[in-house]
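# Residue-level structure breakdown
Below, each chain spelled out in residue letters.
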Amino acid sequence: MSSQTTAMPDTPDAIAPSPGIGHKWIRPLDTFLGYLIEIPVALLVIAEVVILFSGIFARYVLNTPLIWSDELASLLFLWLAMLGAAVAFRRGEHMRMTAFVNRASPSTQAFLNVFAISVSLVFVLLVLEPGFSSVAEQSVITTPAMGISMAWRTAALPTGLVFMTVFAVMRLIEISNWRLVGKALLLIAAIGLALYAMTPFFEDLGNYTLVVFFVVLVAVGVFTGVPIAFSFGIATYAYLSFSTYVPVMVLVGRMDEGMSHLILLAVPLFVFLGLLIDMTGMAHKMVSFLASILGHVRGGLSYVLVGAMYLVSGISGAKAADMAAIAPVLFPEMKSRGTDEGELVALLSATGAQTETVPPSLVLITIGSVTSVSITSLFIGGLVPSAVLGVMLCLVVWWRNRKVDLTGVVRQPRSEVLKSFVVALPALTLPFVIRAAVVEGVATATEVSTIGIVYSCIIGICVYRKFDVKRLYPILIDTATLSGAILLIIGTATGMAWALTQSGFSADLADLMGSLPGGAFTFFCVSIVTFIVLGSVLEGIPAVVLLGPLLFPIAEELGINDVHYAMVAILAMGIGLFAPPFGVGYYAACAIGRVAPDKGIKPIVGYMCSIFIGLLLVAAIPWLSTGFLDK
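Residues numbered from 1 in each chain as written. Predicted model: local features only at pLDDT ≥ 70, side-chain atom pairs only at ≥ 80, totals over all residues. Heavy atoms only, no water.

Under an unreviewed UniProt entry, the name given to the protein is TrapT dctQ-M fusion permease, dicarboxylate transport, and the organism recorded is Bordetella petrii. In its Subcellular location (unreviewed entry) section, UniProt records this for the protein: "Cell inner membrane". The record held by UniProt for the protein lists under Function (unreviewed entry) the comment "Part of the tripartite ATP-independent periplasmic (TRAP) transport system." (UniProt positions renumbered as here; feature names shortened; annotations may be inferred.)

Structural data, given as structure tokens:
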């Protein structure tokens, strides 16, 4: 596996299996199990495209809606997510922070890699039984449209966990250093026993218990190289087990809910679309045209990335899907032009935070629904604040590229630009086709990617005559793997968000913020800090549901416009969501860009500082959020 992978790497030399130890059966078994899940997961990606596009065709061409299409797509989606996560585990492509692991001595690195696999194994074993129990409970419920048992859907989670268990055990057997394995398991047991011994004290600690589990324990997992999803999951499981009376089956339910939300189906479909655009040559044509316009400008394609994310964010409403639509198109060309991959993923992540307020953002819709703020007003008010942050990002791009040597770079003549435009026009039309389908109501944000997929296939085959069928299977597997890694993070983060919500600390925090001296100014400052911190441990939607109904009435009492406050809150959450080391969005960006998380840590600091300054401007100038609203 490449050293640039964003995941749990293959076994390093220090813990590589010794030859001739009787484990030659591992590789054939691994290959067999790989095909056993890779073929179905590739078929699931195709099935989702067919089902959703059939729904659009039946609704708008045949005028006969398929009432079961969304239900079937949702059922298969959980299978796609869990089997994709299992494939990612087998291939070592779950996101992990390796900045500190890579600085350790070879022996310590070997131990930490074993520790990461062991923690992952312990987590899947702990939730395996609740997963099967959930299937038994759901078996008596039938789906409304198709009338089949919900067990067919919920069985996806324990099935994926079983495969991950088998792959984890096989990796530990391959290591063949049982002393390391024993030390790792003993350390995990010692941490568990210590938390169990502290159980009587957790009740007295109140909400400070959250620090133990969701700050200290998560940090230990993340910085020792445990994959992000499993760090979140094991911390939540420990919190529920040692400091509450809530059954751990709730965690399984929240993971299911977080991973199977139908809007998230846009993630694998946009990932597939991005890879398809590259395979059909459309990406090359688009980038060639953009390069002919901005190739002579320092950092030209970086400006394109900022602008493209602003435009695409209005298509899917899901940030991971937005990044998946952009990165495969621009990253290869930017890398070929010498842009550092850490710089690429840092800018991609920063644009994710920047565009949180671009409609039809799911966060905007959620904040309107839980606070009674006009969603139309939020959509109007969100455009300028995001543009302000985009300008701040462009200033950083200009500064970092101001000394780039462009000697020998010649500006393309207008005739070449025009020729490049004509050739690229079918490809350049794709974003407008997708946006028109959403605006005109032809397709939902989830369905619209299938229109892009069908369009790309037609253009690739009929116009550019470049459609390599042999590459289709690897693309489908890459789509499922990447999507599974992202969705498992979202699933465990949803469980963690639920645990935080149920702890009651949100009401205490709202009371504290409402009683602070200094009026609106202090409240604004504390709100920004609070939403950045919450955004780093929760996704935007859980954080909004958690604090929106509590804080917006306080803001209104202090004379703060609700749309203005919403923009500040959402952008602050976006900064937290996409800022390492805890921001889930940052790891999603790394997974989509296939860049190791530690490589983007340094370059992202400047981008995050710039959009934080932009956030302060939005907070200080209400007109930026409210200037275009009807008076």
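A word on the packing of aromatic side chains. How two aromatic rings sit relative to each other is given by the distance of their centres and the angle of their planes. Enumeration according to the criterion identifies 16 aromatic pairs in this entry. Residues Phe 123 and Phe 230 carry aromatic rings whose centres are separated by 6.0 Å and whose planes lie at 80 degrees to one another, so their mutual orientation is edge-to-face. Note that Phe 123 is positioned in helix H3 (residues 106–138) and Phe 230 in helix H9 (residues 228–243), a separation of 107 residues in sequence. Here the aromatic rings of Trp 623 and Phe 628 are separated by 5.4 Å at their centres, their planes lie at 50 degrees, and the arrangement is tilted. Every member of this aromatic cluster is reached through a ring pair, and the members are Phe 523, Phe 524, Phe 531, Phe 552 and Tyr 565. (Phe/Tyr/Trp six-rings, centres within 6.5 Å; stacked < 30°, edge-to-face > 60°. Helix = DSSP H or I, 4+ residues; strand = E, 2+ residues; numbered from the N terminus.)

This brings us to unusual backbone geometry. Positive phi, normally seen in glycine, also occurs at Asn 63, with a value near 55 degrees. Taking the relative accessible area as the measure of exposure, Asn 63 reaches 65% and is therefore exposed. Its identity is not glycine, yet Arg 465 carries a phi of approximately 50 degrees, on the positive side. Summarising the element assignment, Arg 465 is placed in the loop between helix H20 (448–463) and helix H21 (472–502). (Buried < 20%, exposed > 50% of the residue type's maximum accessible area, 1.4 Å probe, protein only.)

Here the structure, examined in full by the defined rule, presents 14 salt bridges. The closest approach of N and O atoms between Glu 93 and Arg 594, which form a salt bridge, is 3.4 Å. You can see Glu 93 sitting in the loop between helix H2 (69–90) and H3 and its partner Arg 594 sitting in the loop between helix H26 (584–593) and helix H27 (601–620), a full 501 residues away along the chain. Arg 594 gets classed as partly exposed once you look at its relative accessible area, which sits at 33%. Notably, a salt bridge pairs Arg 400 with Glu 343, separated by 3.1 Å at the nearest N-O pair. Linking Arg 400 in helix H18 (residues 383–401) with Glu 343 in helix H15 (residues 341–354), this pair joins segments that are 57 residues apart in sequence. Exposure remark for Arg 400: the relative accessible area of 32% places this residue in the partly exposed category. Taken together, the shared-partner salt bridges connect Arg 27, Asp 30, Glu 38, Arg 90, Arg 171 and Glu 174 into one network. (Salt bridge = Lys/Arg side-chain N within 4 Å of Asp/Glu carboxyl O.)

Note that Val 448 resides in helix H20. For the pair formed by Val 448 and Val 433, sequence separation is 15 residues and the distance between their alpha carbons is 9.3 Å.

Here we come to a nonpolar patch on the surface. Among the surface-exposed residues, Tyr 35, Ile 39, Leu 43, Ile 46, Val 50 and Tyr 473 lie close enough to one another that they form a single nonpolar patch of about 560 Å² accessible area. Counting residues per element, the nonpolar patch draws most heavily on helix H1 (residues 26–60), at five residues. The residue Tyr 473 is located in helix H21 in this model. (Patch = residues over 30% accessible without salt bridge, like charges linked within 9 Å, V, L, I, M, F, W, Y side chains within 5 Å. Areas by Shrake-Rupley, 256 points an atom, 1.4 Å probe, with all protein chains shown as cover.)

Time to look at the nonpolar core. Counting residues in hydrophobic clusters, the biggest one holds 207 residues, and the most contacted among them are Met 164, Phe 213, Phe 214, Ile 486 and Tyr 565. A domain-level breakdown of this core finds at least three residues from each of domain 1 (25–260) and domain 2 (265–402 + 413–627). (Core = buried A, V, L, I, M, F, W, Y, C linked by side-chain atoms within 4.5 Å. Domains from an automatic or database assignment.)

Attention now goes to the confidence of the model for the protein. In the predicted model, the protein carries a mean pLDDT of 82, and 90% of its residues have values of at least 70. Counting contacts from residues 1–22, a segment whose pLDDT is below 50, to residues more than four positions away or on other chains yields 56 contacts. (pLDDT = per-residue confidence, 0-100. Contact = heavy atoms within 4.5 Å.)

Here we come to H2. Residues lying three or four places apart along an α-helix face the same way, a consequence of the helix completing one turn every 3.6 residues. Along its 22 residues, H2 runs 31 Å from first to last C-alpha, staying within 8% of the 32 Å computed at 1.5 Å per residue. Of all the 22 residues making up H2, 20 are buried; the element is thus mostly covered by neighbouring parts of the structure. Where H2 ends, the next residue or the one after it, Gly 92, has phi of about 65 degrees, a positive value. (Expected span 1.5 Å × (residues − 1).)

Here Thr 98 is to be found in the loop between H2 and H3. The buried category is assigned to Thr 98, whose relative accessible area is 9%. It is 9.9 Å that separates the C-alpha atoms of Thr 98 and Asn 113, two residues lying 15 residues apart in sequence.

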